[in-house]
Structures are given as structure tokens and as C-alpha cells.
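One-letter residues, chain by chain:
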Amino acid sequence: MSINRAVIEVESLGVAIDGNHILHDITFEVQGGEFLAILGHNGSGKSTLIRTLLGLQRHTGSVSLFGTPQNEFRSWQRIGYLSQDNDHTTGVPSSVEEVVLSGTMAKHRWFGWPTRSEKHQAHDLIERVGLGAHIRRPVSQLSGGQRQRARIARALIGAPELIIMDEPTVGVDAQSLEILNQILAEEIQRGASIVMVTHELGIVRNLVNRTITLEAGKICDTCDNVMDLHAASLRDHYEEHHADSHSESDAHHVPEHDVRPVVAEGPLQ
Amino acid sequence: MSILSYSFMQMAIVAAIVTGLTAPAVGTFIVQRRLALLGDGLGHVALTGVALGLLTGTSPLTTAIIVAIVGAIVIELLRTYAKTSGDIALAMLFYGGIAGGVLLTNLAGDSAATLNRYLFGSITTMSSSDLTLVVVLGAIVLSVSLALSPQFFAFCHDENHARASGVPTRVYGMLIAVLAAVTIAVSMRTVGLLLVSALMVMPVAAAQQLRPSFRGTHMLSMAFGLISAVAGLLISASIDAQPGPTIVLVAMAIFAAAAATRGVVSFRRPKEAIGG
């Protein structure tokens, strides 16, 4: 596990889709073992940033993963990706076990079936996310929170060193949020690095080391050492920045709920 | 003398076995990608290939395979690079395929009625060289479909996640479309180009009534496809009808039986509550 070494290095990143500039001049790093939350409202470019990190989006500037330029990077099994929910209620039924095992295809990209140890690992993960009783059930029959847990297990199979999550808390019930929090705490303990795109830190706020906030495709704020900051100072921090952004453009107003969990009462823990 | 003792019937049964296994083997991935009508579109394109064979005096089966593969590649390129939605790309295949087929057949001096035996199947028109090609290509399609099943599943289930995992999704998208094209072309003697799509979809629809997993559905759909093709062929021979329609009607009957079975089981076993 590469602790305290940059697992992601992004420099002067820009993305334009159909002539529209979605991301401008994004520069940041994620160190080994770090939990970075990327905040911002809808349309700020958070998901595009995630997709770009994963090579799903053409871009300018440079992206390196584990010290390797992204276009030369091939060790995708080192990265676990939790994508946003897409509708799996039609098509051929797919069991929880099959969905989780499909996460091993980063290792078997061209050929090969999941090994016995990978199946054991999948079963363990399915138990960890509380879906042991539903292992053979089609994911289309599960609730939104349960489907999200299945995707979390898929992202974690193979014990990736970097976990990238796109809005993992949207539309998820309280039990699933609690399980997500527990799992992420265990992954941090294991030494994994985590990058999470989210509207709000919510239940994982006590795990996050650092946040960056996107607005209109630019990094408008970076908050280092979140753990050391008290809520009051964070509130001041955001309000100060927020006033600045208001003066620039009301259209880019960050809704209150984007920062609410960060400025919850009491010190962050 | 039993009809099974005729060599053309023996060849037709072998072709039906190949078709019955390969059509749902590829069809499962197509249904999972929500491209159930892809088989229809490629069937129309293959018709142009048949007409090209008639016009040039070469084997219609060979030209149908080549043209269907080209059509499959074009549709995938359109979907991937031209930002054309799947249904529009399919519509282009439908219209272009049927127009090209009829035009080239006319140019060959044949009437559109000539195409009938390719549209709905004809067991008496298969040569031994055709059968050899059908068996070899069918074996390749079946082997690739089964060997790459985990990769195809990952791609068809969540293309976005598969791409992010480094899975070569464009290659697999193209490969599935090409496998579908080959399946359609080799099935034209038994079930026919217009109805082969039904054999790619209906056994899958029937199997998913009874199986909760992708792999279970995949395997059971191949069994249903095999039963439909062989039983339909035998029924058509016994009533002196074209095989395509009877094969599809048997597949429909299996789907109806599977849906009824599921209904009865669901009625007797109240749904388990799914907790949050």
C-alpha cells in the first residue's frame, strides 16, 4: 500500500464537451491513505472530474495515477470505482453475487473467470455490506440502498488501493449510510485512499481529511486538515468564501445543504 | 420411411441445433444491453447480402455473413462515434437493408418472392458446404460467447463501470454485434432472417421468468432455444410448412408456459419483504 505518496496528481486539467467548458485549470493531488471529498452543487463539474480521473473523458492538462500518466496506466485493479446508480430493473436478471464479481473484471479484462478466492472475497464483502441474505437475489428486486451496497462491494473487491466514489449517499437509506460509513472507516484503516464526490459530507464527515469545492468547473475552495478545524471556523471559512462567490455570480450560488454537514454543531471528529 | 432418414432433414436438424444454441447464447447479451431489436436490424442487412449473392452468383450464405458483419460494425461505430442513438441506428439498418435486398434481387433478375425462403427459412435449400460453414461458425460463436461470458456480462450490465475498470468496452461492443451478425446469417436457412431475432430474444425472455441470475438465464435460454428450434423444425416438416414460423411459435409457447409457471409460483409464495 502506497502510504503518503501521491496516488492522484492532477495539473491544469480542463474538459470541454461539445464546445462547453466543463472544467477549467483544475490542479490537486491525493496522497496515499488520504480521504478527499469533492464538494459542489449540481452542474459544478464534480462527476465530470471523477470520469476524467478514470479516463472516461477526454481532457487537457495532465492526470497521473500512482505516478503513471493516465494514458499509460493499466493497473485498473488498483482502483475501485463506485459509479452512480443506473437503472438495472430491466434486461436480464443479475444476482448480487454476479454484480459484485463483475468487479474482478479489472483483473480479467481480456479473458478469465473469477477465481475461487475472488468468489470467497465477494461472499465476504456481500456479508460486510449486509446483503448475505440476498446473495442470489436479482439486484433489480433490491431497494435503492441495497443496490448501492452491492455496488460498494463491487468497488471493494480486490482490495483496491484507491477508491473513487460518485455520489454514494444519494437516495440511500439510513442503514445503508451507516454501513457505508463503517466500510469506509475499515478501508481507511487498511490504508486505502478515498476520493468521494458528494453534495454533502453527511455521515462520513468524521472520516474526511480534506475537501475541495468546485463551482462552475473551477476549484473555488480547498479545505485542508478538516479534522483539526472546529465547526465555527469552518462556518466562517465557508461564509467568507460564499460571500466572495456571491459577489462574482449569483448563478453559481452554493446551496446551503452543500456545506451544512461540515458546519454541524460542535467540533468535527 | 421416416422423414428423419432424409439427408436434407438430418442436415436441417444439425443446423437447427446450432441455431437453437447460438441465437440465445448471443441474444442474452443483446437483451441485457437493451438492444433486443438489433437482431431484426441485422437480419434486414443480411437480406442485402443474400441479394448480393444472387446478383453475383456466389453463395448467398457467404455474402450474407460478410454484409451482416459489415452492418454490425457500422451500427456500433454509429452508436459509439456518431452520437446516433441506438434506435435511430437500428432504423437505418432496417430501411437500408430491406431496400438494398429488394433492389439487388430485382437487378439479379429475380422477384422479391425469391427472398421468401431466406426470410422465413427453408430446410430443403441447404447444401453440405452450407452446413459445414454453419457448424464451424456456430461453434466459434458459441465458444466465444461462453468463454467471454464474465467480460460480456460486466460490459452489458454496467458499461460505465466496465470502462472505468479498464475493460475494453468498444472491443466487446463490436464483438457482440459481430457475433450477432454471424448468428443471424447462419440461422437464415432454419428460422429465416426476419424471424431469427425472435429466437435471440424469446428464449431469453422465457428463461428470465424462471431464473434470478444472469448465468442461470443464459444457460436456460440456450436449452429453450434448442427445444424451440428442433421441435419447430420437426413440426414444420410434418405439416409441410416453412420452419421459421413454427420455431417462433414454439418459442412463444415456451415463454407462455414459463410466464404462467412464474405466476403460479409467485401466487403460492408471497413476496419476501425487502428491507431497506
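For the structure itself, look to the data block above.
Residues numbered from 1 in each chain as written. Chains lettered and ligands numbered in written order. Predicted model: local features only at pLDDT ≥ 70, side-chain atom pairs only at ≥ 80, totals over all residues.

Asker: Looking at this structure, I do not really get the sheet that holds strand β1 (residues 6-17) of chain A. What am I missing?
Answerer: In sheet architecture, strand pairing relies on hydrogen bonds along the backbone and comes in two forms, parallel and antiparallel. Residue and element names in this part refer to chain A. Taken in spatial order, the four strands make up an open sheet running β2-β1-β4-β5, and their pairing is antiparallel. With partners counted over all chains shown, the strands left at the sheet margins are β2 (20-31) and β5 (68-69), one partner each. Bridging between β1 and β2 involves eight bridges; their strand directions are antiparallel. The partner of Ile17 across the bridge, within β2, is Asn20. In the packing of helix α1 (residues 46-53) onto the sheet, the strands contacted are β1, β2 and β4 (60-65), and the crossing angle to β2 comes to about 65°. (Pairing = 2+ DSSP bridges. Helix = DSSP H or I, 4+ residues; strand = E, 2+ residues; numbered from the N terminus. Contact = placed C-beta atoms within 7 Å. Axes fitted to C-alpha atoms, helices over the stretch in contact; angles between N-to-C directions.)

Asker: Honestly, the packing of helix α7 (residues 149-157) of chain B against helix α9 (residues 169-186) of chain B in this entry has me stumped. Any pointers?
Answerer: Two numbers describe a pair of packed helices, the interaxial angle and the distance between the axes. Residue and element names in this part refer to chain B. Across the interface, α7 lies against α9 with an axial gap of 10 Å and an inter-helix angle of 105°. Comparing the axis directions of α7 and α9 gives the class roughly perpendicular. In this structure, α7 uses Gln151, Phe152 and Phe155 to contact α9, whose residues at the interface are Thr169, Tyr172 and Ile176. A class-by-class count of the residues in the contact of α7 with α9 yields four nonpolar, two polar and no charged. (Parallel < 35°, antiparallel > 145°, perpendicular 65-115°, else oblique. Nonpolar A, V, L, I, M, F, W, Y, C, P; charged D, E, K, R; others polar.)

Asker: What am I meant to see in the sheet that holds strand β9 (residues 210-215) of chain A here?
Answerer: Residue and element names in this part refer to chain A. Taken in spatial order, the six strands line up as β6-β7-β8-β3-β9-β10 in an open sheet, and their pairing is mixed. With partners counted over all chains shown, the strands left at the sheet margins are β6 (79-82) and β10 (218-223), one partner each. Strand-to-strand twist in this sheet, taken as the mean axis angle between neighbours without regard to direction, amounts to 15°. Note that strand β7 (residues 162-166) and strand β8 (residues 193-198) share five bridges and pair parallel. In the strand pairing of β8, Leu162 is matched with Ser193. Against the sheet, α1 engages β3 (35-39), β7, β8 and β9, with an angle of about 145° to β7.

Asker: What am I meant to see in the interface of chain B and chain A here?
Answerer: Think of interface size as the accessible area that goes away when the parts come together; that is how it is often given. Counting residues at the interface gives 29 residues for chain B, matched by 32 residues for chain A. Secondary structure elements with two or more residues in the side of chain B that touches chain A: α1 (7-32), α7, α8 (159-164), α10 (196-210) and α11 (214-239) of chain B. A breakdown of the residues in the side of chain B that touches chain A according to their chemical character gives 12 nonpolar, 12 polar and five charged.

Asker: Quick question: what am I supposed to make of the packing of helix α2 (residues 38-56) of chain B against helix α3 (residues 60-81) of chain B here?
Answerer: All names here are of chain B. The geometry of α2 relative to α3 is characterised by a closest axis approach of 7 Å and an angle of 140° between their N-to-C directions. When the axis of α2 is compared with that of α3, the two are oblique. As α2 packs across α3, the resulting crossing turns out to be right-handed. Packed against α2, whose contacting residues are Gly41, Leu42, Val45, Ala46, Thr48, Gly49, Val50, Leu52, Gly53 and Leu54, the element α3 presents Pro60, Thr62, Thr63, Ala64, Ile66, Val67, Ala68, Gly71, Ala72 and Ile75 at the interface. Along the lines of polarity and charge, the residues of the contact of α2 with α3 split into 13 nonpolar, seven polar and no charged. (Left-handed = near helix turned anticlockwise from the far one by under 90°.)

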